[in-house]
Amino acid sequence: MPPQDSPRARRAAADDPGVSDGVPEATSAALHADEQPPLGEVPVPRDDNSEIAAYTRDLTKVYGSGDAEVVALDHVDVDFVKARFTAVMGPSGSGKSTLMHCVAGLDAPTSGEVVIGDTNIATLKDSRLTELRRDRIGFVFQSFNLIPTLTALENIELPMAIAGRKPDPEWLDHVIDIVGLRSRLKHKPSQLSGGQQQRVACARALVGKPDIIFADEPTGNLDSAASAEILGFLASSVTDLGQTIVMVTHDPTAAAYANRALFLADGRIVADMDDPDRDKVLARMVELSSPVDASAPGASTQAAGPSTVQG
Ligand SMILES: Nc1ncnc2c1ncn2[C@@H]1O[C@H](COP(=O)(O)OP(=O)(O)OP(=O)(O)O)[C@@H](O)[C@H]1O
């Protein structure tokens, strides 16, 4: 797995020339602290954002009003450090999709700041926001979202073609090789398996070298073998290419491919786990979805806490 993502390791990574070149080195692995804070105790945000791909401050999203009001995000502060793979987890309705949509500029916050690189997207006009999404953000969706009438290669090139840009041929070649699609480039999506279609979507996201890729349940429509392939590919694009990825998932096995798992409950971040593995993630999910029984052995005394988080 890629280098660990503890706050200390992340600070070290920020000073690491290997990371600032966009390719993380393994040096921060040794700095990983294996301890997880209890539920609700999460680190405060960093003040040095030099190596942060995206962050939010005081991000709040309220849907509806009056009796119908729903606070989907409740003053969320989170940093996504460059060249790291973050899984966003939490019970249904906890705010995962809303967080992703607000950070990706797909939905407007009610209040607060969302910054991609050095651009506060809350202040952008619609046309600039569309450009930013096209040029600096990659998306991978559960349903692949490929154009059925275009070949795999045309789908990969589409966002850049819309932007009137040509992909760097060497980089395009490299991406095609890493996703293993060379022999399928002329196939239409209907002639590809689900896993191959998702590889096309991953290549499409990677080819423009975005600041950050958002993956929304990328393995939700895949069998376990194809899921493992896609998750392994996403993880290696972080380790080998220095890509930053934020993935919303319900699946603890998928989260175990990430460097870090954030847990949302009621629109707040209530836990921040470095080096997630399936069992640790499952245990947190169980804690989050069951009422806390203080008399239970080993029960956490806090059900939820501050939504401030360091990336
Ligand atoms: N367009 C909307 N209008 C009103 N309420 C909404 C809207 N979108 C989301 N919500 C509400 O906001 C809260 C957070 O929803 P969100 O979809 O972000 O949760 P989630 O964690 O992604 O859920 P799931 O895991 O079920 O996809 C929920 O209570 C949801 O009902």
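Residues numbered from 1 in each chain as written. Predicted model: local features only at pLDDT ≥ 70, side-chain atom pairs only at ≥ 80, totals over all residues. Heavy atoms only, no water.

**With respect to the side chain of Asp-77**
As for its position among the elements, Asp-77 is in strand S2 (residues 70-81). Notably, Asp-77 is buried but unbridged: the nearest opposite-charge side chain belongs to Arg-57, and the N-O separation is 5.0 Å. Engagement of the side chain of Asp-77 in a polar contact is seen with the backbone nitrogen of Asp-58, the distance being 2.5 Å. (Helix = DSSP H or I, 4+ residues; strand = E, 2+ residues; numbered from the N terminus. Buried < 20%, exposed > 50% of the residue type's maximum accessible area, 1.4 Å probe, protein only. Lys, Arg positive; Asp, Glu negative; His and termini not counted. Salt bridge = Lys/Arg side-chain N within 4 Å of Asp/Glu carboxyl O. Polar contact = N/O pair within 3.5 Å; in protein donor to acceptor, adjacent residues only side chain to side chain.)

**Regarding the pattern of salt bridges**
Counted by the stated rule, this structure contains 12 salt bridges. The closest approach of N and O atoms between Asp-173 and Arg-182, which form a salt bridge, is 3.5 Å. Take Asp-173: its relative accessible area is 39%, and that puts it in the partly exposed class. Salt-bridge contacts for Arg-284 lead to Glu-287; the nearest nitrogen and oxygen are separated by 3.4 Å.

**What about the packing of aromatic side chains?**
Inspection of the entire model under this criterion finds 2 aromatic pairs. Measuring from centroid to centroid gives 5.6 Å for Phe-139 and Phe-141, while their planes differ by 5 degrees, and the two rings are stacked. Among the residues examined, Phe-141 registers a relative accessible area of 22% and is labelled partly exposed. Among the aromatic residues, those joined into a cluster by ring pairs are Phe-139, Phe-141 and Phe-214. (Phe/Tyr/Trp six-rings, centres within 6.5 Å; stacked < 30°, edge-to-face > 60°.)

**As for the sheet that holds strand S7 (residues 212-216)**
Strand order across the open sheet formed by 6 strands is S6-S7-S8-S3-S9-S10, with mixed pairing between neighbours. Of all the strands in the sheet, just strand S6 (137-141) and strand S10 (268-274) have a single pairing partner and so form its edges. Each adjacent strand pair in this sheet contributes to an overall mean axis angle of 20 degrees, direction not counted. In the sheet, S7 pairs with strand S8 (residues 245-248) via 4 bridges, with the strands oriented parallel. Residue pairing in the sheet places Ile-213 in a bridge with Ile-245 of S8. Contacts from helix H3 (residues 96-103) reach strand S3 (85-89), S7, S8 and strand S9 (260-265), with the element oriented near 150 degrees to S7. (Pairing = 2+ DSSP bridges. Axes fitted to C-alpha atoms, helices over the stretch in contact; angles between N-to-C directions. Contact = heavy atoms within 4.5 Å.)

**As for the site of the ligand**
Inspection of the region around the ligand gives Tyr-63, Val-70, Ala-72, Pro-91, Ser-92, Gly-93, Ser-94, Gly-95, Lys-96, Ser-97, Thr-98 and His-250 as its neighbouring residues. In the environment of the ligand, an oxygen atom lies 2.5 Å from a nitrogen or oxygen atom belonging to the side chain of Thr-98. In the complex, the protein chains occlude 58% of the 640 Å² of accessible area that the ligand would expose alone. Put simply, the parts of the chain that give the shell around the ligand at least two residues each are S2 and H3. Here the shell around the ligand takes 3 residues from H3, the largest share from any one element. (Near = heavy atom within 4 Å. Areas by Shrake-Rupley, 256 points an atom, 1.4 Å probe, with all protein chains shown as cover.)

**Describing the packing of helix H7 (residues 194-207) against helix H8 (residues 224-241)**
When two helices pack together, their arrangement is given by the angle between the helix axes and the distance between those axes. Between H7 and H8, the shortest axis-to-axis distance is 9 Å and the interhelical angle comes to 20 degrees. On the basis of their axis angle, the class for H7 and H8 is roughly parallel. Viewed along their axes, H7 and H8 form a crossing whose handedness is right-handed. Counting all contacts with H7, which are made through Gly-195, Gln-198, Arg-199, Cys-202 and Leu-206, the residues of H8 involved are Ala-226, Glu-229, Ile-230, Phe-233, Leu-234, Ser-237 and Leu-241. Its residues assigned to classes, the contact of H7 with H8 shows 7 nonpolar, 3 polar and 2 charged. (Parallel < 35°, antiparallel > 145°, perpendicular 65-115°, else oblique. Left-handed = near helix turned anticlockwise from the far one by under 90°. Nonpolar A, V, L, I, M, F, W, Y, C, P; charged D, E, K, R; others polar.)

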